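These are the residues of each chain, in order.
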Amino acid sequence: AYFTAVVRAPITGSILIMEMTGSFRHMLPLVVVSLVAYVVTDLIHSRALYDVLLDRMLERQKPGMQKKNLTRARLLLEIPVAWGSRIADRQIREVQWPSGALIVGIRRGEAECLPDGGFQLLSGDCLLVLVHRDDGPELKRRLLELGESRDGPDMY
């Protein structure tokens, strides 16, 4: 119930406890308690821990971003990195990213990782970028320009 209330993930909390105990004997009471905890936190408008941490991180990195309340109005964009693009073969910290865009992950083949500033971007990567919904269309356009080939669209 505590995990569900803090993280706002009742199914994950129930499965986690069942895995840890190795028993399904208390599954029904566990699910009921988790759902009650979820409903109560929803009624009192409590925010999930990870949403609060994301807002704090954004506020430190880009002051003013948190004021837009990203927990309710955010988009996750997928931006491909084309061969010959401006960002291919460069580290994340070397790129001048548009204001309001936060890279939260990179998909490389089947693997997905959490990048840092020293992460080397390669052709074929897919950037996972968190943006505010209101800024989404403009930021998507600008990010796609960064990720597309400088020679124009790839021809196959």
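Residues numbered from 1 in each chain as written. Predicted model: local features only at pLDDT ≥ 70, side-chain atom pairs only at ≥ 80, totals over all residues. Heavy atoms only, no water.

Colleague: How would you summarise the overall build of the protein if you had to cite specific residues and measurements?
Modeller: Looking only at helices and strands, the protein has 5 helices and 4 strands in total. By residue count, 35% of the 156 residues in the protein fall in the buried class. Nonlocal contacts in the protein, meaning residues at least 24 apart in sequence, comprise 70% of its contacts between residues at least 6 apart. Entry remark: accessible area of the protein is about 10300 Å², with carbon and sulfur atoms responsible for 59%. (Helix = DSSP H or I, 4+ residues; strand = E, 2+ residues; numbered from the N terminus. Buried < 20%, exposed > 50% of the residue type's maximum accessible area, 1.4 Å probe, protein only. Contact = heavy atoms within 4.5 Å. Areas by Shrake-Rupley, 256 points an atom, 1.4 Å probe, with all protein chains shown as cover.)

Colleague: Just give me the short version of the sheet that holds strand β1 (residues 74-80), but keep the residues and values in it.
Modeller: Reading across from one edge, β1-β4-β2-β3 is the order of the 4 strands in this open sheet, with antiparallel pairing throughout. Only two strands of the sheet have a single partner each, and these edge strands are β1 and β3 (111-113). Pairs of neighbouring strands in the sheet enclose a mean axial angle of 25°, with direction left out of account. Both strand β2 (residues 102-108) and strand β4 (residues 126-132) contribute to a ladder of 5 bridges, which runs antiparallel. The residue of β4 that forms the bridge with Ile106 is Leu127. Here helix α4 (residues 49-61) sits on the sheet and contacts β1, β2 and β4; the angle it forms with β2, its principal contact strand, is near 110°. Running at roughly 20° to β1, helix α5 (residues 136-147) makes contact with β1 and β4 of the sheet. (Pairing = 2+ DSSP bridges. Axes fitted to C-alpha atoms, helices over the stretch in contact; angles between N-to-C directions.)

Colleague: Please give an account of the side chain of Ser85 that cites residues and values.
Modeller: Take Ser85: it is sitting in the loop between β1 and β2. When its relative accessible area of 1% is taken as the criterion, Ser85 is described as buried. Of the polar contacts made by the side chain of Ser85, one reaches the backbone nitrogen of Ala88; its length is 3.2 Å. If sequence neighbours within four positions are ignored, Ser85 has contacts with Leu146, Gly147, Glu148, Ser149 and Arg150. (Polar contact = N/O pair within 3.5 Å; in protein donor to acceptor, adjacent residues only side chain to side chain.)

Colleague: Tell me what's going on with the packing of aromatic side chains, and back it up with residues and numbers.
Modeller: Taken as a whole and assessed by the stated rule, the structure comprises 0 aromatic pairs. The cationic tip of Arg8 hangs over the ring face of Tyr38; the distance from NZ or CZ to the ring centre is 4.8 Å. (Phe/Tyr/Trp six-rings, centres within 6.5 Å; stacked < 30°, edge-to-face > 60°. Lys NZ or Arg CZ within 6 Å of the ring centre and 35° of its normal.)

Colleague: Mind laying out the nonpolar core, listing which residues take part and the relevant values?
Modeller: When a protein is soluble and globular, its nonpolar side chains tend to lie buried together. The biggest cluster of nonpolar side chains holds 19 residues, and the ones touching the most others in it are Ile87, Trp97, Leu121, Leu127, Val129 and Leu143. Looking at this core, the elements with two or more residues in it are β1, β2, β4 and α5. Apart from the residues lying within four places of it in its own chain, the contact partners of Val129 are Leu75, Leu76, Leu77, Ile79, Ala101, Leu102, Ile103 and Leu143. (Core = buried A, V, L, I, M, F, W, Y, C linked by side-chain atoms within 4.5 Å.)

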